[in-house]
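One letter stands for each residue in the lines below.
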Amino acid sequence: MTEEAAVRYRDLDLWPPREVLEALYEGQLRALAAVHRALPHLEGAAREAAERLKGGGSLAYAGAGTSGRLAAMDGVELWPTFGFSRVRFLLAGGEAGLTQAVEEAEDREEEGFRLGQGLEAKDVLVAVAASGRTPFTLGALRGAKARGALTVALANNPGAPLLQEAHHPVLLDTGPEVIAGSTRLGAGTAQKAALNLFSTLVMVLLGRTYGNLMARMRVENAKLRARGAAMVRAMVGLGEEEAKALLARYPEPALAALAALGKTGEEAERLLEARGVRGALEEARR
């Protein structure tokens, strides 16, 4: 369906610019509606992924072209936002595929399989492909699954092979694009939103937030130091200057808060990994 040419938009190049924009906007709304229908599947995938990652595994992303770049965008944000560094990327064309089209790379199923074989049973693979049949991405999913890794698939076509083979299939049924086959439009929007929802829920389930605060974010610039100090104050009730002084020594608000409660850096890290932010703070106060 993502490759179909919708009759409705057949004469799009003759439309007034505002009508073209309205059509594109409607496509974005359909994309978000598709994500809403997928929420139960995203929840199930995130729950099991969080349980798997509690054992020390990595969260890996696989994809080609637009889908691969969107997947990588989601993964690279997990370290600065949640302090989660166990992220891997299985991308067609490697790093070059992030900044330029390496179209032939998506056909290399054997390469995808080889990269997927690098995962283990404690790991989670999120495979993303609009068509749901991209050879490289299918290969990566099959390789990871053969090694016992948990597999999650996001695709935009019902019945796609990627969905049929994954432990957790997530269908994002966005239908034909306004520009036929240009899956950077509706399909890409649905993928981006679904990846955001999935990975954020996983991080919440792993205890990497405190309420709705990014308590394990990396404090590495002036804006974030100010925000981090406010988080430390919210968690342990310190004054602003004391909170800033602790953040100068510890790069995460949660670590600084636990230091204020008398924990060493090593003790704090161990507590956070075992109990999450809220659980670690509760234990440190006992």
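Look up a bit, the structure's there.
Residues numbered from 1 in each chain as written. Predicted model: local features only at pLDDT ≥ 70, side-chain atom pairs only at ≥ 80, totals over all residues. Heavy atoms only, no water.

**So, the packing of helix 1 (residues 17-37) against helix 2 (residues 39-53)**
Our working definition: Where helices are involved, their axes are fitted lines through C-alpha atoms of the stretch in contact, as for all axes, and angles between N-to-C directions lie from 0 to 180°. Under the DSSP-based scheme used, a helix requires at least four consecutive residues in state H or I and a strand at least two consecutive residues in state E, with every element numbered from the N terminus. Throughout this description, any angle smaller than 35 degrees is read as roughly parallel, any larger than 145 degrees as roughly antiparallel, any in the 65 to 115 degree range as roughly perpendicular, and the remainder as oblique. Note on definitions: a residue-residue contact is assigned when non-hydrogen atoms from the two residues lie within 4.5 Å. In this count, Pro and Cys sit with the nonpolar residues alongside Ala, Val, Leu, Ile, Met, Phe, Trp and Tyr, while Asp, Glu, Lys and Arg are called charged and the others, Gly among them, polar.
The N-to-C vectors of helix 1 and helix 2 enclose an angle of 55°; their axes lie 4 Å apart at closest approach. In terms of orientation, helix 1 lies oblique with respect to helix 2. On helix 2, the residues touching Val 35, His 36 and Arg 37 of helix 1 are Leu 39, Pro 40, His 41 and Leu 42. Class assignment of the residues belonging to the contact of helix 1 with helix 2 gives a composition of four nonpolar, two polar and one charged.

**Notes on the packing of helix 10 (residues 222-236) against helix 12 (residues 253-260)**
Quick reminder of the rule: Here is the rule for handedness: rotate from the far helix to the near one, and if that takes an anticlockwise turn smaller than a right angle the crossing is left-handed, while a clockwise turn gives right-handed.
Put simply, helix 10 and helix 12 touch, their axes get as near as 9 Å, and they point 45° apart. It follows that helix 10 is oblique to helix 12 by the angle criterion. For the pair helix 10 and helix 12, the crossing hand works out as right-handed. Contacts from Gly 228, Met 231, Val 232, Met 235 and Val 236 in helix 10 reach Pro 253, Ala 254, Ala 256, Ala 257 and Ala 260 in helix 12. Residue composition of the contact of helix 10 with helix 12, grouped by class: nine nonpolar, one polar and no charged.

**With respect to the pairing of strand 3 (residues 124-129)**
For clarity, the threshold we go by: Throughout, exposure labels follow a simple rule: accessible area from a 1.4 Å probe, protein chains only, divided by the maximum for the residue type, with under 20% read as buried, over 50% as exposed, and the rest as partly exposed. If DSSP finds at least two bridges between two strands, the strands pair. Look down the strands so they point away from you; if the path from the first strand over the helix to the second goes clockwise, the crossover is right-handed.
Within strand 3, six of the six residues are buried, which leaves the element mostly enclosed by the surrounding structure. Pairing between strand 1 (residues 59-63) and strand 3: five bridges, direction parallel. Following the sheet pairing, Ala 62 is matched in strand 3 by Ala 127. Strand direction decides the pairing type here: strand 3 and strand 4 (residues 150-155), joined by six bridges, are parallel. Opposite Val 124, over in strand 4, you have Leu 150 as the bridge partner. Chirality of the crossover, the property in question, places the unit of strand 3, helix 7 (residues 135-146) and strand 4 among those that are right-handed.

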